[in-house]
Amino acid sequence: MGEVSGSAYAAAGAGTVTTSLANLRPDLAVRAITALTGGGEDPDAVAAAVEWTELLAADPDGAPAFLTEVMHQSRGWNRTVRLPLLPSGADVQKTVADFIGQWADAAIGSEATR
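As the structure is a computational prediction, the values presented were derived from the model and not from experiment.

A separate point is the confidence of the model for the chain. Residue-level pLDDT values for the chain average 82, and 87% of them are 70 or greater. Averaged over each element, pLDDT in the chain is lowest for helix H1 (residues 3-11) (78) and highest for helix H3 (residues 43-58) (92). Below a pLDDT of 50 lies the segment residues 107-114, which in the model reaches 16 contacts outside its immediate sequence neighbourhood of four places, other chains included.

Here the focus is the packing of aromatic side chains. In this structure the tally under the stated criterion is 3 aromatic pairs. Ring centres 5.3 Å apart and planes at 75° place the aromatic pair Trp 52 and Phe 66 in the edge-to-face group. Placement of Trp 52 in helix H3 and of Phe 66 in helix H4 (residues 63-75) is noted, with a sequence separation of 14 residues between them. Seen in terms of ring centroids, Phe 99 and Trp 103 are 6.4 Å apart; in terms of plane orientation they differ by 40°. Their pairing is tilted. One end of the pair is Phe 99 and the other is Trp 103, both in helix H5 (residues 90-103) and 4 residues apart, which spans about a single turn. A network of ring pairs unites the aromatic residues Trp 52, Phe 66, Phe 99 and Trp 103 as a single cluster.

This part takes up the nonpolar core. Counting 19 residues, the largest nonpolar core has Trp 52, Phe 66 and Phe 99 as the members making the most contacts within it. Listed by contribution, the elements that provide at least two residues to this core are helix H2 (26-36), H3, H4 and H5. A per-element tally of this core places H3 first, with 6 residues.

Okay, the pattern of salt bridges next. Throughout the structure, instances matching the rule amount to 4 salt bridges. Between Arg 31 and Asp 42 there is a salt bridge, with its nearest N and O atoms 2.7 Å apart. In this pair, Arg 31 is assigned in helix H2 and Asp 42 in the loop between H2 and H3, connecting sequence segments 11 residues apart. In this structure, Arg 31 and Asp 42 share a single accessibility class: buried. Here Arg 79 makes a salt bridge to Glu 69, at a shortest N to O gap of 2.6 Å. In this pair, Arg 79 is assigned in the loop between H4 and H5 and Glu 69 in helix H4, connecting sequence segments 10 residues apart.

Put simply, H3 and H4 touch, their axes get as near as 7 Å, and they point 120° apart. Between H3 and H4, the angle falls in the class oblique. Seen from H3, the contacting residues are Trp 52, Leu 55 and Leu 56; seen from H4, they are Ala 63, Phe 66, Leu 67 and Val 70.

Given a rise of 1.5 Å per residue, 13 residues ought to cover 18 Å, and the 17 Å separating the end C-alpha atoms of H4 matches this to within 8%. Where H4 is concerned, the buried positions are Ala 65, Phe 66, Leu 67, Thr 68, Glu 69, Val 70 and Met 71. In this structure, the buried residues of H4 make contact with H3 and H5. A positive backbone phi angle near 80° is found at Gly 76, which sits one or two residues after H4.

If you trace the backbone, Ser 20 turns up in the loop between H1 and H2. Reaching out from Ser 20, the side chain makes a polar contact with the side chain of Trp 52 at a distance of 2.8 Å. Setting aside chain neighbours within four positions, we find Ser 20 in contact with Glu 3, Trp 52, Leu 56 and Leu 67.

Criteria and cut-off values
- Residues numbered from 1 in each chain as written.
- Predicted model: local features only at pLDDT ≥ 70, side-chain atom pairs only at ≥ 80, totals over all residues.
- Heavy atoms only, no water.
- pLDDT = per-residue confidence, 0-100.
- Helix = DSSP H or I, 4+ residues; strand = E, 2+ residues; numbered from the N terminus.
- Contact = heavy atoms within 4.5 Å.
- Phe/Tyr/Trp six-rings, centres within 6.5 Å; stacked < 30°, edge-to-face > 60°.
- Core = buried A, V, L, I, M, F, W, Y, C linked by side-chain atoms within 4.5 Å.
- Buried < 20%, exposed > 50% of the residue type's maximum accessible area, 1.4 Å probe, protein only.
- Salt bridge = Lys/Arg side-chain N within 4 Å of Asp/Glu carboxyl O.
- Axes fitted to C-alpha atoms, helices over the stretch in contact; angles between N-to-C directions.
- Parallel < 35°, antiparallel > 145°, perpendicular 65-115°, else oblique.
- Expected span 1.5 Å × (residues − 1).
- Polar contact = N/O pair within 3.5 Å; in protein donor to acceptor, adjacent residues only side chain to side chain.

Now the structure itself:
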């Protein structure tokens, strides 16, 4: 369901929110979901979750290709791990690198992670 849309369901009583952002930053995903469900303010985490959701939807090769690229750049996965899906193009590879550069640092955000 995702961090942003899933949080709306959680705020209405659902017990589970799925998150792909947790592959990169589990703490950031939890912070975003907490803030989006009324558990306080965390503008950095919410901004990251919104951007993540937009990037997932924008990859012309689909969310699985985007996630494969994230795992390649952040964890060393081989891009062929999800064959027969094609890997993301060069523009998405740069977008992923930019996102990781901005949000992968565990020191970003709340005082608890500084």
